[in-house]
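Residues per chain are reported as follows:
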Amino acid sequence: MKPETGYCAARSDRDQDAAGIRIRNPRIVVARAIAGITNAHFERRLIVERTLDGVAAARKRGRHQGRPYTKDETVSALKNLVDAGMTPAQAAKHLGIGRSTAYRIARKLQTS
């Protein structure tokens, strides 16, 4: 604070934004915002590229991507339980699999 005027430039409403950060040139603020957006876009593209490269490398090694398949033993056990009169929900609880999985398998077994 200058003693002769009683004015402090850092506390002027014109020199600060809502966060209390000093702004000297609005063009610099806009340029920094654009630079931040551009940098984020660039980083996102790098992440996507690396992810796709990793998936391609895993595919070459024979890795399965996604949830594991339902085992054939589980499918045949579900078929036997449903044929014996259980509902797919009861069979799912008995086998320890998801109810939606049991209904999906039962629907595939009915159509085939």
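Worth saying up front: this structure is predicted, and the values here are computed from it rather than measured.

This part covers the environment of Arg99. Inspection of the secondary structure assignment puts Arg99 in helix H4 (residues 99-111). With near-sequence residues (within four places) excluded, Arg99 lies in contact with Ala89 and Ala92.

Using the criterion set out here, one finds one salt bridge in the structure. Of the charged contacts in the structure, one is a salt bridge between Asp83 and Lys79, with a shortest N-O distance of 3.1 Å. With Asp83 and Lys79 both in helix H2 (residues 72-83) and four residues apart, the pair spans about one turn of that helix. On the basis of relative accessibility, which here comes to 56%, the residue Asp83 falls in the exposed class.

Another point: the nonpolar core. If you look at the biggest cluster of nonpolar residues, it comprises six residues: Leu78, Leu81, Ala91, Ala92, Ala102 and Ile105. Listing elements by their share of this core, those giving two or more residues are H2, helix H3 (88-95) and H4. Look past the residues within four positions of Ala102 in its chain and what remains in contact with it is Leu78, Pro88, Ala92 and Ile97.

Time to look at the packing of H2 against H3. Viewed as axis vectors pointing N to C, H2 and H3 meet at an angle of 135 degrees, and their least axial separation amounts to 9 Å. On the basis of their axis angle, the class for H2 and H3 is oblique. As H2 runs across H3, the sense of the crossing is right-handed. Two secondary-structure elements touch here, H2 through Thr74, Ala77, Leu78, Leu81 and Val82 and H3 through Pro88, Ala91, Ala92, His94 and Leu95.

Now for the confidence of the model for the protein. The share of residues in the protein with pLDDT of 70 or more is 79%, and the mean pLDDT across the chain is 83. Averaged pLDDT values over the elements of the protein bottom out at 90 in helix H1 (residues 26-60) and peak at 95 in H3.

Criteria and cut-off values
- Residues numbered from 1 in each chain as written.
- Predicted model: local features only at pLDDT ≥ 70, side-chain atom pairs only at ≥ 80, totals over all residues.
- Heavy atoms only, no water.
- Helix = DSSP H or I, 4+ residues; strand = E, 2+ residues; numbered from the N terminus.
- Contact = heavy atoms within 4.5 Å.
- Salt bridge = Lys/Arg side-chain N within 4 Å of Asp/Glu carboxyl O.
- Buried < 20%, exposed > 50% of the residue type's maximum accessible area, 1.4 Å probe, protein only.
- Core = buried A, V, L, I, M, F, W, Y, C linked by side-chain atoms within 4.5 Å.
- Axes fitted to C-alpha atoms, helices over the stretch in contact; angles between N-to-C directions.
- Parallel < 35°, antiparallel > 145°, perpendicular 65-115°, else oblique.
- Left-handed = near helix turned anticlockwise from the far one by under 90°.
- pLDDT = per-residue confidence, 0-100.

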